[in-house]
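Residues per chain are reported as follows:
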Amino acid sequence: MGVIHPAAIAMLLGVLVLSGCRSAPQSRRPDVCTFAPGMSTDDLARCGCVPGNSPGDGSVMLMSEEARSNTRTVAIINYMCPLGAAGVARVVVMNGIATSVYE
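Fair warning: this is a prediction, and the values are worked out from it, not measured in the lab.

Rules used in this analysis
- Residues numbered from 1 in each chain as written.
- Predicted model: local features only at pLDDT ≥ 70, side-chain atom pairs only at ≥ 80, totals over all residues.
- Heavy atoms only, no water.
- Helix = DSSP H or I, 4+ residues; strand = E, 2+ residues; numbered from the N terminus.
- Contact = heavy atoms within 4.5 Å.
- Core = buried A, V, L, I, M, F, W, Y, C linked by side-chain atoms within 4.5 Å.
- Buried < 20%, exposed > 50% of the residue type's maximum accessible area, 1.4 Å probe, protein only.
- Polar contact = N/O pair within 3.5 Å; in protein donor to acceptor, adjacent residues only side chain to side chain.
- Pairing = 2+ DSSP bridges.

Participant: Hey, could you run me through the environment of alanine 98 in this one?
Facilitator: Following the sequence through the fold, alanine 98 ends up in strand E5 (residues 97-102). Residues alanine 98 and serine 40, 58 residues apart in the sequence, show an inter-C-alpha distance of 6.3 Å. When neighbours within four sequence positions are excluded, alanine 98 is seen to be in contact with Ala36, Pro37, Gly38, Met39, Val91, Val92 and Val93.

Here it is as structure tokens:
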């Protein structure tokens, strides 16, 4: 095994400094989130929300009488979101977008 040259060490340190070596990720969870209709599931996840396992979750298929082959699936999922000392909020998500918030 050979000797490590000082120039190689300096170059390695330079690469680490220039690449922006960080100890904390950039996409930190915000300290305070305001939950509102229109939020996406990505927004909810960034705020620390998780899908809740409740019997009200589910999906339905809607069919049109005029066009029998035209169907649409609607998925409804409850998310549980932290409110700090105030407890937990329940956010109803329909097809990936928050529709109602219950604090």
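Next comes the rest of the account.
Participant: I would appreciate a short explanation of the nonpolar core in the present structure.
Facilitator: Soluble, globular proteins show a tendency: their nonpolar side chains are buried together. Cys33, Phe35, Met39, Leu44, Cys47, Cys49, Tyr79, Cys81, Ala89, Val91, Val93 and Ala98 together form the largest nonpolar core, which totals twelve residues. With residues up to four places along the chain from it excluded, the contact list for leucine 44 reads Phe35, Met39, Cys49, Tyr79, Cys81, Val91 and Val93.

Participant: Would you mind going over the side chain of asparagine 78 with me for this structure?
Facilitator: Looking at the element boundaries, asparagine 78 is found in strand E3 (residues 71-82). Residue asparagine 78 is classed as buried on the basis of its relative accessible area of 9%. In this structure the side chain of asparagine 78 is engaged in a polar contact, spanning 3.1 Å, whose partner is the side chain of arginine 90.

Participant: Which parts of the structure should I look at to understand the pairing of E3?
Facilitator: On a regular strand, one side chain projects to one face of the sheet and the next to the other, so that they alternate. Both strand E1 (residues 50-51) and E3 contribute to a ladder of two bridges, which runs antiparallel. Counted as the bridge partner of proline 51 is tyrosine 79 from E3. Examined bridge by bridge, E3 and strand E4 (residues 88-94) share seven bridges and lie antiparallel to one another. When the sheet's bridge partners are listed, methionine 80 is paired in E4 with arginine 90. In this antiparallel pair of consecutive strands, E3 and E4, the connection spans five residues, and glycine 84 shows a positive phi of 70°.

These values are about where atoms sit, not about what they do.
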